[in-house]
Amino acid sequence: MRSILLAFVGGAWLLQQQPALPNVLWGLPLLPCCAAAYFLPRRVVLSRSLLIFCALAAGFLWAAALARYRLADELPSAWEGRDIELVGVVAELPRPQQRGERFLFDVEQVLTPQAHVPARISLAYYAAGFREKSPGNFIGKFHPGERWRLTARLKHPHGSYNPSGFDFEAWALERNIRATGYLRKSTTTQRLRGMVYRPSYVVERTREGVRDHFRDVLGGQPYEGVLRALAIGDESGITRADWQVFLRTGVNHLMSISGLHVTMVSGLFFALTYGLWRRVPLLTLRLPARKAAALVGVLAALVYALLAGFAVPTQRTVYMLAVVAAALWWGRDIPISLVLGWALFVTVLLDPWAVLAPGFWLSFGAVAAMVYAGSGRLARAHWLRAAAHAQWAVTLGLIPLLLALFQQVSIVSPLANAFAIPIVSLVVVPLALLGAIVPVDAILLAAHQVMVWCMDLLQWMSALPDAVWQQHAPPPWTVPLALLGVMWLLLPRGFPARWLGLPACLPMFLLLPPLPAPGELKVAVLDVGQGLAVVAQTAHHALLYDAGPRFSDDADSGSWVIVPFLRGAGIGRLDGLIVSHDDLDHSGGAQSVLDAVPVGWFASSLPPGHELLDEAPGPRPCFAGQTWQWDGVRFEMLHPGWGSYGNAGLKDNFRSCVLKVTSAYGSLLLPADIERDAEAELLAQQPSALAADVLVAPHHGSKTSSSADFLHQVHPSIAIFTMGYRNRFGHPKPEVVERYRDLGGRLYRSDADGMVQLDFAADGIAVRSWRRARPRYWLAESEDAR
């Protein structure tokens, strides 16, 4: 049975790796084979193999059928970017944003004639307009369960696509978000009903009430957001700095609703019910106390999980507890490994996309490690030793998964979890839940004070210089090999040659990504949406040119795209960082990069007093004439002239740092956001230096740049446009694209291709589009500019 359950999960995972959805009808011929395998004697090896294969095919076809059904509910391309009038219900707790709030909206009626809108969409409300931050005293306008008449402008779910980066489109599909957009001002906008009484909406309104209570009691306290996350799973109040502490100490699993917390709540209700029920003879005659306690324990876990948003870790725990309760109810003795297998199966059956979430693998992997390490023992160990052994098993067992998913492992995690688990799970969480129910402020204040003491220790451990091991993304085949090695290491003491597990783990650490040879150049034009970030790597050096946009005070392309890419590529240090000019779509992620990665020097055209200049190592201005050479590759700054810094009337775009990189096998020109006037100056002063094989289009392909004379002089064989999907500027402009087409070269664009990688080597310039190198069936199809 375990093999069959795991095969079903494996089939669902296999479907998520496909570039296109298969036709589920081809699975019909498998039905007779599966039926035959079911009725064959179990001792026949062929019967078992067929059953496992059928389970694998069933998981694959089930996931394919659900995916096809979900993808069929889409926004027609003809209705992207057009105003559509809707009636629907606010489906979840709105999430505060820098300029307002974002919420899920269940569409009940489309009032615009001939328009079609998916059943569930994500909408942003900008309280003070798109460009302005919301007022500091902004109170959410929308509440769960309200029915509204709204006017929205929508588009397909579309996100940046890079190696080691977050896949927004997969996340949106898993949450059944089939369109995203924002509200438009309209005279017809109105709230039609204060509350629609459906179970899911009632749960979300309850969560909002708890959130508001926490804000009223703990408003202004540093860890109010952490307590909210522990009580109702609302992580919007946890700052980026706090998340970094949790990640570096390996306790991030504790700072939101985890399976441990759900189990604790269920166990508490089980014990209370059992203790009270068995003291009432009339009740025990009707239903045994253990059965009643099991039922109450599962219901308590379910309620808590629903209030927490029902994430994968809570799902896993609820399903496991349900299986245990069912076994107790019917008097069956089920091994814990089979309980875990059934929980795994139910999770994937209800949500085949759960296998795409890191939390799925880490949650089930942690429990599997504890179950495996605790099995096969002849005697029960002392509770303290057993707890230490379980923590060691989890730490060791999750290393391959953590390196594969995040390319980092907390070295201080065992010690941090040793004190954080009992403090958070046994003190903070019970107080936070009690404070959510009982209107006594002192309870929440006490929970917050305990959290302050815990955070003081975690911050100290996070600040240790070697708190985290970081490395490159390991080759995929080394991950299962390392997992087998870990399993061998965790065998019971006395088992011979346990040390042989270590060699199986070594390839994950020792096999490094290939580096360019001297004279070669590797370039990654990252997909950061409406912005620019380029990583240039030589044999022994790495440079980052621009750092992409800032999305909000707590999110930018540095932390979401650039740092994960650098870590996955094995780039642990940047020899140089260039911020071309003072625009947030080029400088917005620089601070996150400076915080996360050692940088040798920093060059820019930023004005004096800019906040980045205070943090950057060895800041210097960029100006024409600067040159340096790394490993046979020449770097030359072509613009701006030194005299431009004395002219305060120049636009920031004019003063963009224009960099040319020349390898032995081709050249690259990075002009940032220069416009026609800067292009004309370059043509007048150093026209011969402009010729390049690859050009990143100036100013994202705006109509104020890429003049015909400039393009004729550069004459690239490859051009790359970097911009966001359906960006509000309309980049790249069609007339500009036509100028590039007239040159006859290949064109790439980040919204259609994702990250574009260029390898300048002896066999020519190899170009790889990440959306085409790693296609998945859910990726939005964008217009191809080539």
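Note on numbering: residues in each chain are counted from 1, in written sequence order. It should be noted that, the model being predicted, local features are given only for residues of pLDDT at least 70 and side-chain atom pairs only at 80 or more, the latter also being counted only at that level, while totals for whole chains, interfaces and linings use all residues. With hydrogens and water excluded, all non-hydrogen atoms of the structure serve as input to the side-chain values.

Trainee: Tell me about the overall build of the chain, and please be specific about residues and values.
Mentor: When its secondary structure is counted, the chain shows 27 helices and 26 strands. Here the globule rule is a power law, 2.2 Å times the number of residues to the power 0.38, and the radius of gyration is based on C-alpha atoms. At 29 Å, the chain has a C-alpha radius of gyration in line with the 28 Å of a compact globule built from 786 residues. Each residue gets one of three labels from its accessible area relative to the maximum for its type: buried under 20%, exposed over 50%, partly exposed in between, using a 1.4 Å probe on protein chains only. For the chain, with 786 residues in total, the buried portion stands at 50%. Contact between two residues is taken to exist if any of their heavy atoms lie within 4.5 Å; hydrogens are not considered. Considering only intrachain contacts with a sequence separation of at least 6, the fraction spanning at least 24 residues in the chain is 70%. For every accessible area listed, the method is Shrake-Rupley and the probe measures 1.4 Å; residues are considered covered only by the protein chains on display. Of the accessible surface of the chain, which amounts to about 35,800 Å², a share of 61% is contributed by carbon and sulfur atoms. Strands are runs of DSSP state E lasting at least two residues, helices are runs of H or I lasting at least four, and both sets are numbered from the N terminus onward.

Trainee: Would you mind going over the pattern of salt bridges in detail, with residue names and values included?
Mentor: Between Lys or Arg on one side and Asp or Glu on the other, a salt bridge is scored when a side-chain nitrogen of the former is within 4 Å of a carboxyl oxygen of the latter. Per the counting criterion, the structure on display carries 24 salt bridges. The partner of Arg-153 in a salt bridge is Asp-83, with the nearest N and O atoms 3.0 Å apart. Separated by 70 residues along the polypeptide, Arg-153 in strand 5 (residues 147–155) and Asp-83 in strand 1 (residues 83–90) bring together distant segments of the chain. A relative accessible area of 34% places Asp-83 in the partly exposed class.

Trainee: Give a detailed account of the packing of aromatic side chains, specifying residues and quantitative values.
Mentor: Stacked, tilted and edge-to-face are the three classes assigned to paired rings of Phe, Tyr and Trp, where Trp is represented by its six-membered ring and a pair needs centres within 6.5 Å; plane angles under 30 degrees give stacked, over 60 edge-to-face, the rest tilted. Inspection of the entire model under this criterion finds 26 aromatic pairs. The interplanar angle of 75° and the centroid separation of 5.1 Å between the aromatic rings of Phe-623 and Trp-642 together place this pair among those described as edge-to-face. Highlighted residues: Phe-623 in the loop between strand 17 (619–621) and strand 18 (627–630) and Trp-642 in the loop between strand 19 (633–639) and strand 20 (658–663), separated in sequence by 19 residues. On the accessibility criterion, Phe-623 (25% relative accessible area) is partly exposed. Among the residues examined, Trp-642 registers a relative accessible area of 56% and is labelled exposed. Each ring is checked for a lysine NZ or an arginine CZ that lies within 6 Å of its centre and within 35 degrees of its normal; such an atom marks a charge sitting over the ring. Directly above the ring of Trp-79 sits Arg-82, whose terminal nitrogen or CZ lies 3.8 Å from the centroid.

Trainee: How would you summarise the sheet that holds strand 23 (residues 718–721) if you had to cite specific residues and measurements?
Mentor: Strand pairing is defined by DSSP finding a minimum of two bridges between the two strands. Pairing within the open sheet is mixed, and its seven strands lie in the order 18-19-20-21-22-23-24. Single-partner strands in this sheet number two, and they are strand 18 and strand 24 (746–749). The mean angle between the axes of side-by-side strands here comes to 15°, regardless of whether they run parallel or antiparallel. Relative to strand 20, strand 19 runs antiparallel, the two being bridged by five bridges. Residue pairing in the sheet places His-639 in a bridge with Val-658 of strand 20. To get an axis, fit a line to the C-alpha atoms, keeping to the stretch in contact for a helix; angles then go from 0 to 180 degrees between the N-to-C directions. Contacts between helix 25 (residues 734–743) and the sheet are confined to strand 22 (694–696), strand 23 and strand 24, with strand 23 contributing the most and set at about 165° to the helix.

Trainee: Just give me the short version of the side chain of Glu-204, but keep the residues and values in it.
Mentor: With respect to the secondary-structure elements, Glu-204 resides in helix 5 (residues 199–218). Separated by 3.0 Å, the side chains of Glu-204 and Arg-207 make a polar contact. Pairs of N or O atoms are called polar contacts if they sit within 3.5 Å, as long as, within protein, a hydrogen donor faces a hydrogen acceptor (for residues adjacent in sequence, only side-chain-to-side-chain pairs).

Trainee: Which residues make up the pairing of strand 19, and what values go with them?
Mentor: The buried fraction of strand 19 amounts to six of the seven residues, a majority that puts the element mostly inside the structure. Bridge analysis of strand 18 against strand 19 gives four bridges, and the strand direction is antiparallel. Bridged to Gln-629 within strand 19 is Arg-634. Linking two consecutive strands that pair antiparallel, namely strand 18 and strand 19, is a turn of two residues; a positive phi of about 50° is found at Asp-631 within it.

Trainee: Explain the state of the cysteines residue by residue, including any values.
Mentor: The definition used for a disulfide is geometric: two cysteine sulfur atoms within 2.5 Å. In total, this model carries one disulfide according to the counting rule given. Note on cysteine connectivity: Cys-622 is disulfide-linked to Cys-657, with sulfurs 1.8 Å apart. Because the torsion about its S-S bond is -70°, the bridge between Cys-622 and Cys-657 counts as left-handed. Highlighted residues: Cys-622 in the loop between strand 17 and strand 18 and Cys-657 in the loop between strand 19 and strand 20, separated in sequence by 35 residues. Taken as a pair, Cys-622 and Cys-657 share a single burial class, namely buried.

Trainee: Account for helix 25, with residues named and values stated.
Mentor: Residues of helix 25 that are buried include every one of Val-736, Val-737 and Tyr-740, and no others. Down the axis of helix 25, the buried set is contained in an arc of 100°. They therefore lie on one face. Exposed and facing more than 90 degrees away from the buried side of helix 25 are Pro-734 and Asp-742. For helix 25, the secondary structure elements touched by its buried residues are strand 22, helix 24 (708–714), strand 23 and strand 24. Within two residues after helix 25, Gly-744 carries a phi angle of roughly 85°, on the positive side. Relevant arc is that of directions from the helix axis to the C-beta atoms, nothing else.

Trainee: So what about the nonpolar core? Which residues, and what values?
Mentor: Among the buried residues, those of types Ala, Val, Leu, Ile, Met, Phe, Trp, Tyr and Cys that are joined through side-chain atoms within 4.5 Å form a nonpolar core. The biggest cluster of nonpolar side chains holds 108 residues, and the ones touching the most others in it are Met-255, Leu-458, Leu-526 and Leu-574. The dominant element in this core, judged by the number of residues it contributes, is helix 16 (residues 441–462), at nine residues. Apart from the residues lying within four places of it in its own chain, the contact partners of Met-255 are Val-226, Ala-229, Leu-230, Ile-238, Phe-246, Val-424, Met-451 and Leu-458. Ranked by size, the runner-up nonpolar core spans 31 residues in total, among them Val-523, Val-525, Val-534 and Val-661.

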